[in-house]
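Observations on the three-dimensional arrangement
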Amino acid sequence: TMVSCGCCSSMRHELYSPMFDTVEPSSVKIKTGSQVLDIVATFSPRPRWFYILAKMFLAAWAIAIMHSSIATYENPSFWLAYLTNQGWVFTVAYFFCSLLSALYLAKR
């Protein structure tokens with residue numbers, strides 16, 4: 001007989017379950033007491049105020065770094081021409097959207 005490990009059954013479940021399925025295999029039910037994923041608990045951790053403050057700090061830090069980079073550049077209107085700086089703009093946008101999402105979830 002073939003010996004089956006837990007990871008093989010989990011992998012089989014992931015391959016054959018419908019797309020975006022929130023039902024977990026029965027082994028998860030034994031550990032957590034529930035077979036359905038709690039989406040809010042997964043994506044909105046507690047304590048929310050701590051995560052919101054951390055996200056605010058990171059967003060402010062990224063914005064301050066970008067501002068100082070633009071302010072110290074010899075030709076500020078050409079700053080966005082470099083691919084590295086474009087990546088930094090996307091990073092700041094990510095931090096800002098993450099903060100907005102956390103604030104929205106905290107309001108709910």
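Attention in this report is confined to the structure presented alongside it.

**Section: the overall build of the chain**
Along the chain, the regular secondary structure elements total 5 helices and 0 strands. When the helices and strands of the chain are placed in sequence order, the string is α-α-α-α-α. Here the analysis covers contacts within the chain between residues at least 6 apart in sequence; of these, 40% occur between residues at least 24 apart. Surface summary for the chain: the accessible area is close to 8,900 Å², and the carbon and sulfur share equals 69%.

**Overview of a nonpolar patch on the surface**
Taken together, the side chains of Trp49, Phe50, Tyr51, Leu53 and Met56 present a nonpolar region at the surface, about 560 Å² in accessible area. Among the residues examined, Met56 registers a relative accessible area of 43% and is labelled partly exposed.

**With respect to the packing of helix H4 (residues 48-72) against helix H5 (residues 83-107)**
For the pair H4 and H5, interaxial distance at closest approach is 9 Å and the crossing angle is 155°. It follows that H4 is roughly antiparallel to H5 by the angle criterion. With respect to the hand of their crossing, H4 and H5 are arranged in left-handed fashion. Contacts between H4 and H5 involve Arg48, Ile52, Lys55, Met56, Leu58, Ala59, Ala62, Ile63, Ile65 and Met66 from the first element and Trp88, Val89, Val92, Phe95, Ser98, Leu99, Ala102, Leu103, Leu105 and Ala106 from the second.

**A few points about the side chain of Asn85**
Mapped onto the elements of the fold, Asn85 is located in helix H5. Asn85 sits in the buried class, given a relative accessible area of 14%. Among residues more than four places away in sequence, those in contact with Asn85 are Trp79 and Leu80.

Procedures and definitions
Per chain, residue numbering runs from 1 following the sequence as it is written. Whole-chain, interface and lining totals are the exception, using all residues; otherwise, since this is a predicted model, local features are given only for residues with pLDDT of at least 70 and side-chain atom pairs are given and counted only at 80 or more. To obtain the side-chain values, all non-hydrogen atoms of the structure were used and water was disregarded. Secondary structure elements are taken from DSSP: a helix is a run of H or I of four residues or more, a strand is a run of E of two residues or more, and numbering for both begins at the N terminus. Residue contacts follow a heavy-atom distance rule, with two residues in contact if any of their heavy atoms lie within 4.5 Å. Accessible areas in this description were obtained via Shrake-Rupley with a 1.4 Å probe; residue shielding takes into account the shown protein chains only. Patch definition: residues above 30% relative accessible area lacking any salt bridge, with like charges linked at up to 9 Å and the nonpolar side chains Val, Leu, Ile, Met, Phe, Trp and Tyr linked at up to 5 Å. What makes a salt bridge here is a side-chain nitrogen of Lys or Arg within 4 Å of a carboxyl oxygen of Asp or Glu, nothing more. We call a residue buried when its accessible area falls under 20% of the maximum for its residue type, exposed when it is over 50%, and partly exposed in between, using a 1.4 Å probe and counting protein chains only. For every element, the axis is a line fit to its C-alpha atoms; helices are fit only across the contacting stretch, and the angle between N-to-C directions ranges from 0 to 180 degrees. Small angles under 35 degrees read as roughly parallel and large ones over 145 as roughly antiparallel, with 65 to 115 read as roughly perpendicular and the rest as oblique. Two helices cross in a left-handed way if the nearer one is turned anticlockwise from the farther one by less than a right angle. They cross in a right-handed way if the turn is clockwise.

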